[in-house]
Amino acid sequence: MKKNIDHKILINFAKGKYSYNDYLKVKEWFTHIEENYAVKQQLLTHWDELSDNIDETKDEQLQHIFDKIQHGILLEEKKSSKNNFVWNYYRTAAAILLIPVLAFSLWYYAKSISSKLTAETEQIEQAWVEISAPDGAKVQFSLPDGSIGWLNSGAKLKYPALFKHQRKVELTGEAYFEVKHKDDTDFVVSVPDFDIKVLGTKFNISAYSGDSFSDVVLKEGKVEIIGKAGIFSHTLAPGEKIAFNRETKSLNLYSVDAERFTAWKDGYLIIENEYLGQIIGRLERWYNVDINIKDKEVMNYRYKATFKDEPLEEVLRLLSKSTPIKYSIEKRETDSSGVFQKRMVTIQSK
């Protein structure tokens with residue numbers, strides 16, 4: 001195949017004046033040795049056009065130029081080969097250096113993720129959850145260890161978002177617990193007057209701040225009552241109730257029917273031969289009302305009754321049937337912000 005050769009490029013190439021593209025063209029022209037004759041013929045034609053005064057034969061001069069061109073091609077290929085060698089060397093060196101860089105990057109990234117997860121876990125471990133039961137309502141809850149329970153009206157329970165070394169909760173008000181047993185850790189309920197240490201059991205605690213007492217009733221299992229500042233320590237058996245009087249700082253133990261003290265979570269209001277003065281707080285929380293006792297002697301009237309989802313009016317009507325009392329329920333009023341206030345109930349002698 002005949003090649004179109006630019007003799008100017010050839011002459012400049014022989015003089016060492018060429019670009020990389022010129023080199024590629026010259027190399028292509030001289031790639032196949034069998035085409036040298038055709039190349040020489042074209043060179044002779046162009047040579048005649050360039051000069052008519054040549055001392056040496058055209059063929060000798062042409063051979064000289066041809067040799068210089070071949071030599072230039074070889075030099076350029078060596079240079080290119082050297083450049084490729086240098087590039088391969090640096091590429092290999094870069095790859096070798098990149099391995100520890102990548103390893104360090106992966107380690108640093110993994111460490112960062114681990115540190116972030118550790119920090120988040122620590123935040124979760126330090127975080128506390130607080131739940132409360134609105135006045136006149138009951139709330140069921142589940143704890144991180146699988147224990148369950150119920151909060152009575154106005155009660156609050158605070159516990160860690162994640163139990164780690166110790167399962168400890170803080171309670172204000174009344175709650176019923178069904179604690180899941182774990183061999184490696186105790187369960188502790190803390191109230192203002194004492195701590196209740198359990199291993200897995202069912203029990204009820206009443207510790208409202210407005211009451212004059214705190215008490216614990218054990219339904220199943222075993223609990224230890226530990227007074228704050230080491231004032232007292234007592235272990236309860238099923239069917240026992242322990243009551244701490246805040247005014248006298250005295251501790252009393254009773255044998256009771258535990259079902260009566262835990263029935264509130266199922267909607268039962270049980271009054272078991274109790275003074276009106278003892279049940280006023282329960283009625284206020286149960287129905288979310290304020291009760292005003294106008295005549296103090298009515299506080300000593302005793303009552304025994306069981307109510308199931310009865311409205312307040314019906315409860316008061318039945319109480320007034322068994323003792324000489326009368327009552328009135330005031331209409332709910334709104335405050336300055338438009339929020340309804342609690343109903344006011346007045347109880348007095350007939």
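Provided above is the structure to which this section pertains.
All of the points below concern the structure found in this document. (Residues numbered from 1 in each chain as written. Predicted model: local features only at pLDDT ≥ 70, side-chain atom pairs only at ≥ 80, totals over all residues. Heavy atoms only, no water.)

1. A closer look at the nonpolar core
Then comes step 1: Core analysis: the biggest nonpolar cluster contains 32 residues, and Leu157, Phe177, Val189, Ile196, Phe203 and Ile205 have the highest contact counts within it.
Then comes step 2: Those elements giving two or more residues to this core turn out to be strand E4 (156-160), strand E5 (167-178), strand E6 (187-190), strand E7 (194-198), strand E8 (202-207), strand E9 (213-220), strand E10 (223-227) and strand E12 (240-245).
Then comes step 3: Look past the residues within four positions of Phe203 in its chain and what remains in contact with it is Ala175, Tyr176, Phe177, Val179, Val189, Ile196, Val198, Val216, Val217, Leu218, Lys219 and Val223.
Then comes step 4: Trp264, Leu269, Ala305 and Ile347 belong to the second-largest nonpolar core, a separate cluster that totals 25 residues. (Core = buried A, V, L, I, M, F, W, Y, C linked by side-chain atoms within 4.5 Å. Buried < 20%, exposed > 50% of the residue type's maximum accessible area, 1.4 Å probe, protein only. Helix = DSSP H or I, 4+ residues; strand = E, 2+ residues; numbered from the N terminus. Contact = heavy atoms within 4.5 Å.)

2. What to know about the pattern of salt bridges
Then comes step 1: Summed over all chains, the structure comprises 15 salt bridges.
Then comes step 2: In this structure, Lys342 engages Asp135 in a salt bridge whose closest nitrogen and oxygen atoms are separated by 3.8 Å. A residue pair is termed long-range when its members are at least 10 positions apart, and Lys342 in the loop between strand E17 (325-329) and strand E18 (343-349) and Asp135 in the loop between strand E1 (128-132) and strand E2 (139-142) qualify at 207 residues.
Then comes step 3: Residue class for Lys342 comes out partly exposed when judged on its relative accessible area of 38%.
Then comes step 4: Asp135 sits in the partly exposed class, given a relative accessible area of 41%.
Then comes step 5: A salt bridge links Glu220 to Lys202; the shortest N-O distance between them is 3.8 Å. With a gap of 18 residues between them, Glu220 in strand E9 and Lys202 in strand E8 connect regions that are remote in the sequence.
Then comes step 6: Given the relative accessible area of 25%, Lys202 is considered partly exposed.
Then comes step 7: Taken together, the salt bridges that share partners define one network made up of Arg260, Glu274 and Arg282. (Salt bridge = Lys/Arg side-chain N within 4 Å of Asp/Glu carboxyl O.)

3. Details of helix H7 (residues 312-322)
Then comes step 1: Every buried residue of H7 is listed here: Leu312, Val315, Leu316, Leu319 and Ser320. On an axial view of H7, the arc spanned by its buried residues comes to 130°, and they lie on one face. Residues of H7 that are exposed and angled more than 90 degrees away from the buried face: Lys321 and Ser322. (Arc of directions from axis to C-beta.)

4. Digging into the layout of surface pockets
Then comes step 1: If you add up the space inside the largest pocket, you get close to 940 Å³.
Then comes step 2: Mapped onto the lining of the largest pocket, the elements with two or more residues apiece are E8, E9, E12, strand E13 (250-255), helix H5 (258-262), strand E14 (268-275) and helix H6 (276-287).
Then comes step 3: Partitioning the lining of the largest pocket into residue classes produces 12 nonpolar, 12 polar and 9 charged.
Then comes step 4: There is about 180 Å³ of room inside the second largest pocket.
Then comes step 5: Forming the boundary of the second largest pocket are 16 residues, of which Asp135, Ser153, Gly154, Tyr208 and Arg285 lie nearest the centre.
Then comes step 6: Among the secondary structure elements, those contributing two or more residues to the lining of the second largest pocket are E5, H6 and strand E15 (289-293). (1 Å grid on protein atoms, 1.4 Å probe; cavity = no way out; pocket = protein on both sides within 12 Å on 5 of 7 lines; lining within 4 Å. Points joined across faces, edges and corners; volume = space filled by probe spheres on them. Nonpolar A, V, L, I, M, F, W, Y, C, P; charged D, E, K, R; others polar.)

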